[in-house]
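Given next are the chains, with one letter for each unit.
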Amino acid sequence: MKIKSLKLVYFSPTGTTRRIIEGIARGINQSDVELVDITRPETRKQQLQTSEDELLVIGVPVYSGRVPSIAIDWIHKIKAHNTPTVCIVVYGNREYEDALLELKDTMIKQGCIPIAGAAYVGEHSFSNAETPIAVARPDAADLNMAELLGQKVIEKILSISSIDHNSSITVPGNHPYKIPKAKISPVDFIAINDNCSQCGICAQVCPVGAIDYKNSTMIDKEKCLHCCACIKRCPENARTVKTGTFKDVAIWLSQTCQKRKEPEFFF
Ligand SMILES: Cc1cc2nc3c(=O)[nH]c(=O)nc-3n(C[C@H](O)[C@H](O)[C@H](O)COP(=O)(O)O)c2cc1C
């Protein structure tokens, strides 16, 4: 079968998922491409409709072994009709647990037919100079693997005459999905030093609008996803992680998740 166009959808507060999706798109090499970046709050107001002659590639980071709930809420509004779909999760070199299965199941409920899935590694959101975890990933080898997946997806599409539920895939994960041990409670984990010039970049990159544009020291802790985009994107390095539970988790991850994990494909 042939596809008319490619839709790339991603939620990516610190940019690793976006880079993997762009790598996959290079491998697919389709001229008609629509980017649907649902990271910022205003972008999640748009809804997605797709048909069977389009190819959908959707990517999300793994949060506590699951798809971030903010992404799931948006995905639940997708209207698809037998759309061939590639499901991608990007995790911080710990585990992806039920996230890929949850993404696949949810896309099926919305009318998609997952024809491929993959899990890639990205630098952990909680990684920094003190607590390095999967630093600088995806790296060149990961991005080659992203392009390779794109090429394999196109090969699969060209090899089938039409899309049906037999084209679907099996991915790791369990039902019922993992229930996070404790919902991360609102924590005051960000320290802001005198380098802060109130440039507003942190407020711009926050995926939930939790930072006040006029005073970036004001953070709505109930809204905060702990995605660390504001820390990583601060041009003055004015935002750091305070000593406390959050830092302890980052230290534990940097001690226990050093062994390099590799991308996995499912067809
Ligand atoms: C709240 C939260 C929970 C996370 N949970 C996991 C996890 O369960 N396993 C894992 O390996 N990485 C976990 N990560 C790390 C991210 O999945 C990883 O850094 C990913 O590359 C971030 O994607 P992004 O750059 O597109 O935001 C978590 C990150 C955050 C912010």
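Preceding this section is the structure that the text describes.
Presented here is a report on the structure given in the accompanying data block. Note that the coordinates shown come from a computational prediction; the quantities given were computed from them, not determined experimentally. (Residues numbered from 1 in each chain as written. Predicted model: local features only at pLDDT ≥ 70, side-chain atom pairs only at ≥ 80, totals over all residues. Heavy atoms only, no water.)

1. Describing the site of the ligand
Logical step 1: Close to the ligand lie 25 residues; S12, T14, T16, T17 and V62 are nearest.
Logical step 2: At 2.6 Å from an oxygen atom of the ligand is found a side-chain nitrogen or oxygen belonging to T17.
Logical step 3: Contacts to the ligand include G92, whose backbone N or O atom sits 2.9 Å from a nitrogen atom.
Logical step 4: The protein chains hide 97% of the 650 Å² of surface that the ligand would expose on its own.
Logical step 5: Those elements giving two or more residues to the shell around the ligand turn out to be α1 (16–28) and β6 (83–91).
Logical step 6: Looking at side-chain class alone, the shell around the ligand contains 9 nonpolar, 13 polar and 3 charged residues. (Near = heavy atom within 4 Å. Polar contact = N/O pair within 3.5 Å; in protein donor to acceptor, adjacent residues only side chain to side chain. Areas by Shrake-Rupley, 256 points an atom, 1.4 Å probe, with all protein chains shown as cover. Helix = DSSP H or I, 4+ residues; strand = E, 2+ residues; numbered from the N terminus. Nonpolar A, V, L, I, M, F, W, Y, C, P; charged D, E, K, R; others polar.)

2. As for the pattern of salt bridges
Logical step 1: One pass over the structure, following the stated rule, counts 17 salt bridges.
Logical step 2: Here R66 makes a salt bridge to E102, at a shortest N to O gap of 2.9 Å. Here R66 is found in the loop between β4 (54–61) and α2 (69–75), whereas its partner E102 is found in helix α3 (residues 99–109), with 36 residues between them in sequence. Judged on exposure class, the residue R66 and its partner E102 are both buried.
Logical step 3: Through salt bridges with shared partners, one network takes in R137, D139, D142, R260 and E262. (Salt bridge = Lys/Arg side-chain N within 4 Å of Asp/Glu carboxyl O. Buried < 20%, exposed > 50% of the residue type's maximum accessible area, 1.4 Å probe, protein only.)

3. A word on the state of the cysteines
In protein chemistry, a disulfide is the covalent bond that joins the sulfur atoms of two cysteines.
Logical step 1: By the definition in use, this model includes 0 disulfides.
Logical step 2: Here C230 stays free of any disulfide, with the sulfur of C202 as its closest cysteine sulfur at 6.3 Å.
Logical step 3: In this structure C230 comes out as buried when scored by relative accessible area, which is 9%.
Logical step 4: The thiol of C257 is not disulfide-bonded; the next cysteine sulfur, from C228, is found 15 Å away.
Logical step 5: Look at C257 and you get buried, because its relative accessible area is 6%. (Disulfide = S-S within 2.5 Å.)

4. Quick notes on the side chain of T85
Logical step 1: Locating T85 in the fold gives a position in strand β6.
Logical step 2: Of the residues examined, T85 reaches a relative accessible area of 0% and is grouped as buried.
Logical step 3: Within the structure, the side chain of T85 is placed 2.8 Å from the backbone oxygen of T83, a separation counted as a polar contact.
Logical step 4: Setting aside residues no more than four positions away along its own chain, T85 makes contact with L56, I58, M107, C112, I113, P114, I115 and A116. (Contact = heavy atoms within 4.5 Å.)

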